[in-house]
Amino acid sequence: MQKRMNRVWLNTLSLFAGFLSTVMTSSVRLEQCQPKEPVIPELTKEAPMLFLSSLCPANGAGELEQAEIVQALQSAALSHGVEAELLAAVMVAESGCQSKAVSPAGAQGLMQLMPRTARYLGVTHPYSPKENVNGAAKYLAKLRKDFQGNLELTLAAYNAGPKSVRRHGRVPPLRETK
């Protein structure tokens, strides 16, 4: 099971890197956007749904729940400055798109927030896609800032905890984070 989760993390992050590459090389010009709208290339507006659908086709979620998840991803991305595709990648790696998932360690929901972390982030309903994803986006934004934008350390801190990353000064030598 652990080897499978490691492969899922690697595959998910590889897909995310591909998405970022596509978005960054998009021919959409920023000046084409109206000034009062968020400046987001057209490609990214539908990317989370395509990304989610391609990674979670058999998660048992109906279209309504998938739409709620995509809305949560997009809203949290805009609110906290974290790419929706990164949020989707973390969600796939952490819960396999299962909004009611509970890990053996007690992490809950789509983004597998630990109860104490969820409380710290103001998440009162960890199985609500909107609250869970918003809390995770807030946490990822904080971790990204704490680790000076280093995505590898940010993701390792999300998975293993920031104290563990700081203690090791790198990605901790844990099976889950390798």
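Residues numbered from 1 in each chain as written. Predicted model: local features only at pLDDT ≥ 70, side-chain atom pairs only at ≥ 80, totals over all residues. Heavy atoms only, no water.

**Let's talk about the overall build of the protein chain**
In plain terms, the rule: Going along the chain from the N terminus, every DSSP run of H or I of four or more residues is numbered as a helix, and every run of E of two or more is numbered as a strand. Contact definition: two residues touch when any of their heavy atoms are within 4.5 Å. Accessible surface area values rest on a Shrake-Rupley calculation with a 1.4 Å probe, where residue burial reflects the displayed protein chains alone.
Tallying secondary structure elements over the protein chain gives eight helices and zero strands in all. For the protein chain, the α and β elements follow one another from N to C terminus as α-α-α-α-α-α-α-α. Once local pairs closer than 6 in sequence are excluded, the contacts in the protein chain between residues at least 24 apart make up 43%. Accessible area for the protein chain stands at about 10,200 Å²; split by element, carbon and sulfur atoms hold 55% of it.

**Concerning the confidence of the model for the protein chain**
Quick note on the threshold: Per-residue confidence from the predictor is given as pLDDT, running between 0 and 100.
Looking at the protein chain as a whole, its pLDDT mean stands at 75, while 61% of the residues score no less than 70. Mean pLDDT in the protein chain bottoms out at helix 1 (residues 2-24), which sits at 48, and peaks at helix 6 (residues 129-146), which reaches 97. Contacts for the low-pLDDT stretch residues 1-6, under 50 throughout, to residues beyond four places or in other chains number six contacts.

**Description of helix 7 (residues 151-160)**
Note that an α-helix has 3.6 residues per turn; residues three or four places apart therefore point the same way. We apply this condition: The buried label goes to any residue with under 20% of its type's maximum accessible area, the exposed label to any with over 50%, and the partly exposed label to all in between, with areas taken from a 1.4 Å probe on protein chains only. Whenever a nitrogen or oxygen atom comes within 3.5 Å of another N or O atom, the pair is scored as a polar contact, on the condition that within protein one atom can donate a hydrogen and the other can accept it, and that pairs from neighbouring residues in sequence are kept only if both atoms are in side chains.
Listed in full, the buried residues belonging to helix 7 are Leu153, Thr154, Leu155, Ala156, Ala157 and Tyr158. Capping the start of helix 7, Asn150 holds a side-chain oxygen 3.0 Å from the backbone nitrogen of Glu152, two or three residues further along. Downstream of helix 7 by a residue or two, Gly161 has a phi angle that is positive, lying close to 100°.

**Notes on the packing of aromatic side chains**
For the record, the criterion: Any pair of Phe, Tyr and Trp rings, taking the six-membered ring for Trp, is counted once the centres come within 6.5 Å. Such a pair is stacked with planes under 30 degrees apart, edge-to-face with planes over 60 apart, and tilted for the rest.
This model, assessed by the stated rule, comprises one aromatic pair. Aromatic side chains Tyr139 and Tyr158 sit 5.8 Å apart centroid to centroid with 50° between the ring planes, which places their arrangement in the tilted category. Of this pair, Tyr139 sits in helix 6 while Tyr158 sits in helix 7, and the two are 19 residues apart along the sequence.

**Here's the deal with the nonpolar core**
Selection rule: Take the buried residues of types Ala, Val, Leu, Ile, Met, Phe, Trp, Tyr and Cys, join any two whose side-chain atoms come within 4.5 Å, and each joined set is a nonpolar core.
With 34 residues, the main nonpolar core has Leu87, Met111, Val133 and Tyr158 as its most contacted residues. Sorting the residues of this core by element identifies helix 3 (63-80), helix 4 (84-95), helix 6 and helix 7 as the ones contributing at least two each. For Tyr158, the contacting residues outside a window of four places in its chain are Val90, Glu94, Met111, Leu113, Ala136, Tyr139, Leu140 and Leu143.

**Let's talk about helix 4**
Operational definition: The span you would expect from a helix comes to 1.5 Å times its residue count less one.
In this model, helix 4 (12 residues) spans 16 Å end to end at C-alpha, consistent with the 16 Å of a helix rising 1.5 Å per residue. Taken as a whole, helix 4 has its buried residues at Ala84, Glu85, Leu86, Leu87, Ala88, Ala89, Val90, Met91, Val92, Ala93, Glu94 and Ser95.

**Quick look at the environment of Tyr127**
Looking at the element boundaries, Tyr127 is found in the loop between helix 5 (115-120) and helix 6. Taking C-alpha positions, Tyr127 is 9.5 Å from Val102, a pair spaced 25 residues apart along the chain. Non-local contacts of Tyr127, meaning those with residues more than four positions away in its chain, are made with Ser99, Lys100, Ala101, Val102, Gln108 and Gly109.

**Observations regarding the packing of helix 4 against helix 6**
Helix-helix packing is characterised by the crossing angle of the two axes and by the distance between the axes. Stated formally: In this analysis an axis means a line fitted to C-alpha atoms, helices contributing only their contacting stretch, and an angle means the value between N-to-C directions, from 0 to 180 degrees. Roughly parallel here means an angle under 35 degrees, roughly antiparallel means over 145, roughly perpendicular means 65 to 115, and every remaining angle is called oblique. For this classification, Asp, Glu, Lys and Arg are treated as charged, while Ala, Val, Leu, Ile, Met, Phe, Trp, Tyr, Cys and Pro are nonpolar and the rest, including Gly, are polar.
Two elements in contact, helix 4 and helix 6, have axes whose closest approach is 11 Å; the angle formed by their N-to-C orientations is 110°. By the angle between their directions, the pair helix 4 and helix 6 is classed as roughly perpendicular. Where helix 4 approaches helix 6, its residues Leu86, Leu87 and Val90 are matched on the opposing element by Val133, Ala137, Leu140 and Arg144. A breakdown of the residues in the contact of helix 4 with helix 6 according to their chemical character gives six nonpolar, no polar and one charged.

**A few points about the side chain of Ser95**
Its place among the elements puts Ser95 in helix 4. When its relative accessible area of 10% is taken as the criterion, Ser95 is described as buried. At a separation of 3.2 Å, a polar atom in the side chain of Ser95 contacts the main-chain amide nitrogen of Cys97. Here Leu110 takes part through its backbone oxygen, which lies 2.7 Å from a polar atom of the side chain of Ser95.

**What about the packing of helix 6 against helix 7?**
What counts here: Left-handed describes a crossing whose near helix is turned anticlockwise from the far helix by less than a right angle; the clockwise case is right-handed.
Contact geometry for helix 6 and helix 7: axes closest at 9 Å, N-to-C directions at 130°. The pairing of helix 6 with helix 7 is recorded here as oblique in orientation. Note that helix 6 runs across helix 7; the crossing there is right-handed. Where helix 6 approaches helix 7, its residues Ala136, Tyr139, Leu140, Leu143 and Arg144 are matched on the opposing element by Leu151, Thr154, Leu155, Ala157 and Tyr158. For the contact of helix 6 with helix 7, a count of residues per class yields eight nonpolar, one polar and one charged.

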